[in-house]
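# Understanding the architecture of this molecule
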Amino acid sequence: MISFWEKNSFLNYDCIIVGSGLLGLSTACEIRERFPDKEVLVLERGIFPTGASTKNAGFLCFGSLTEILADIETKGEANAIELVEKRWQGINLLKQRVVENKMDYLNYGGYELIDENSIGSIEKIEYVNNLLSGIFGGKVFELKNDKIKAFGFDSGFVRSLVYSPYEAQLDTGKMMRTLLKYAEFLGVQIHNGCEVIRIDNGNVVIRHNVLKEEVEFTSQNVIVCTNALLSELVPALKVKPGRGEVLITKPIKGLKFKGIFHYDEGYYYFRNFGDRVIFGGGRNLDFNTEETGEFGFNEKIISDLKKKLNEMILPGTEFEIESMWTGIMGFTADKLPVIHKVNENLTAALSCNGMGIALSSQVAREIVTTVFD
Ligand SMILES: Cc1cc2nc3c(=O)[nH]c(=O)nc-3n(C[C@H](O)[C@H](O)[C@H](O)COP(=O)(O)OP(=O)(O)OC[C@H]3O[C@@H](n4cnc5c(N)ncnc54)[C@H](O)[C@@H]3O)c2cc1C
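Notes on the structure in this doc start here. (Residues numbered from 1 in each chain as written. Predicted model: local features only at pLDDT ≥ 70, side-chain atom pairs only at ≥ 80, totals over all residues. Heavy atoms only, no water.)

### A word on the pairing of strand β11 (residues 203–207)
- The pairing of strand β10 (residues 196–200) with β11 spans 4 bridges and is classified as antiparallel. Residue pairing across strands places I199 opposite V204, the latter belonging to β11.
- Bridging between β11 and strand β12 (residues 214–219) involves 5 bridges; their strand directions are antiparallel. Its bridge partner being in β12, N203 is matched across the sheet by T218.
- Taking the residues that link successive antiparallel strands as the turn, the β11-β12 hairpin has 6 residues, and the phi of K212 there is positive, at about 55 degrees. (Pairing = 2+ DSSP bridges. Helix = DSSP H or I, 4+ residues; strand = E, 2+ residues; numbered from the N terminus.)

And the structure:
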């Protein structure tokens, strides 16, 4: 039974955000930065953020050459370029909020591995650089084929390497810890272990784990940032889950490369983490099975990742896998970020579609403008 005191002091807020991933926390910070008097509560189902934000690969990227070309094909030039610009703005906002050394930001650049199937894309480097010149002010992509051998990749398979100096990497865990601390410093309240089971008319309902009864939090402004699970609370917004599988090696003596690496329109990605390799992706091998919110592994994908690591990325190098994990992304049909005002009290938003580290801070800014301006 909720007490008179609890009802008076614990249940009503100016704004309630559901989900403490990058988007939920960035939105909470953005509100308190702009409106320090607003009482903001974040409700999170996990004991800490338990979506994609603590499971990703730590790439600070805005789209590789073939991804941008694929986006131009499917979304049109203007949408594809706007998306790159939002990601770039988001990266810069994140760097303002979480200073570089608090998230182990390292700018070793980014590379795309080009195989026989995508070799035609390198003829379009100039075209894409021209489209992006207004955003970055410099050459975004250039060939670095001399690095194929220096990095130890299989040169029969990797035909070309496209380099970008604007991409970087970070320590995902440190970034999220710092963002949580910063949100708390700003006065955001975060309740963990609170799974929201429904939202009606500004009432956000959870089941209290001790009282074993439903408890209603109330607010004029409820913002749902639950990523892959968004449709469970806001069925009007159609979001599909997509699982991502990731593995990390033990330290490798004499590892030859540093940087973030994309392959196959971004479906595969790897990087160094110190002298280890983090490698993930392969969802396109089995789209149907991977359209799930479950955290399990797909053996077909895991064995493909191990094969590619052996034959393409680390041929002739001895390594051991230290651990593996999975995380769940949320995808909209057009793969564009979305901010959907369901009614006066309720807004749902998704920044993900794969590059949420870059996009979340920018989308959070747009959410706050949509809700409060
Ligand atoms: C394997 C993998 C690798 C990735 N690599 C990269 C990368 O290198 N670079 C990049 O930019 N992006 C990457 N991404 C994408 C990026 O991680 C996401 O876009 C971003 O973290 C999304 O943030 P979010 O806050 O929207 O969602 P999430 O981090 O998923 O947060 C949603 C939160 O809502 C909570 N929640 C859900 N339902 C409820 C409920 N009913 N009640 C209360 N809480 C609830 C969840 O527990 C979760 O904490 C990757 C994603 C995955 C899965």
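### Considerations on the environment of K7
- With respect to the element layout, K7 can be found in helix α1 (residues 4–9).
- Since its relative accessible area comes to 58%, K7 is described here as exposed.
- Spatially, the C-alpha atoms of K7 and E216 are 9.4 Å apart, while their sequence positions differ by 209 residues. (Buried < 20%, exposed > 50% of the residue type's maximum accessible area, 1.4 Å probe, protein only.)

### A few points about the sheet that holds strand β9 (residues 189–191)
- Strands sit in the order β9-β3-β2-β13-β20-β19 across an open sheet of 6 strands; the sheet is mixed. In this open sheet, the two strands that pair with only one neighbour each are β9 and β19 (338–341). Put simply, the sheet's adjacent strands are angled 20 degrees from each other on average, direction ignored.
- Packed on one face of the sheet, helix α2 (residues 22–34) meets β2 (15–18), β3 (40–43), β9, β13 (222–224) and β20 (346–350) and runs near 160 degrees to β2.
- Where helix α11 (residues 356–372) meets the sheet, it contacts β2, β13, β19 and β20, and its direction lies at approximately 15 degrees from that of β19. (Axes fitted to C-alpha atoms, helices over the stretch in contact; angles between N-to-C directions. Contact = heavy atoms within 4.5 Å.)

### Some thoughts on helix α7 (residues 172–185)
- An ideal rise of 1.5 Å per residue puts 20 Å on 14 residues; α7 measures up with 20 Å between its terminal C-alpha atoms.
- Taken as a whole, α7 has its buried residues at T172, M175, M176, T178, L179, L180 and A183.
- Sitting at the head of α7, D171 places a side-chain oxygen 3.0 Å from the backbone nitrogen of G173.
- G187 sits one or two residues past α7 and shows a positive phi near 100 degrees. (Expected span 1.5 Å × (residues − 1). Polar contact = N/O pair within 3.5 Å; in protein donor to acceptor, adjacent residues only side chain to side chain.)

### Here's the deal with α11
- Taking 1.5 Å per residue, 17 residues should reach 24 Å; α11 reaches 23 Å between its end C-alpha atoms and fits that length.
- Buried residues dominate α11, accounting for 13 of its 17 residues.

### Section: the packing of helix α4 (residues 77–97) against helix α5 (residues 125–136)
- Their axes nearest at 10 Å, the elements α4 and α5 cross at an angle of 45 degrees. Accordingly, the angle class assigned to the pair α4 and α5 is oblique. Considering the relative orientation of α4 and α5, their crossing is right-handed. Facing E77, I81, V84, E85 and W88 of α4, the residues of α5 in contact are Y127, L131, L132, I135 and F136.
- Considered class by class, the residues forming the contact of α4 with α5 number 8 nonpolar, no polar and 2 charged. (Parallel < 35°, antiparallel > 145°, perpendicular 65-115°, else oblique. Left-handed = near helix turned anticlockwise from the far one by under 90°. Nonpolar A, V, L, I, M, F, W, Y, C, P; charged D, E, K, R; others polar.)

### What about the packing of α2 against α11?
- Between α2 and α11, the shortest axis-to-axis distance is 8 Å and the interhelical angle comes to 45 degrees. It follows from the interaxial angle that α2 and α11 lie oblique. For the element pair α2 and α11, the recorded crossing hand is right-handed. Only G356, I357, S360, S361, V363, A364, R365, I367, V368, T369 and F372 of α11 make contact with α2, whose side of the interface consists of L22, L23, S26, T27, E30, I31 and R34.
- Within the contact of α2 with α11, the residues separate by chemical class into 9 nonpolar, 6 polar and 3 charged.

### As for the side chain of N227
- Assignment of secondary structure puts N227 in the loop between β13 and α8 (230–233).
- Residue class for N227 comes out buried when judged on its relative accessible area of 18%.
- Of the polar contacts made by the side chain of N227, one reaches the backbone nitrogen of G330; its length is 3.3 Å.
- Excluding anything up to four places from it in sequence, N227 contacts A52, V239, I328, M329, G330, L350 and C352.

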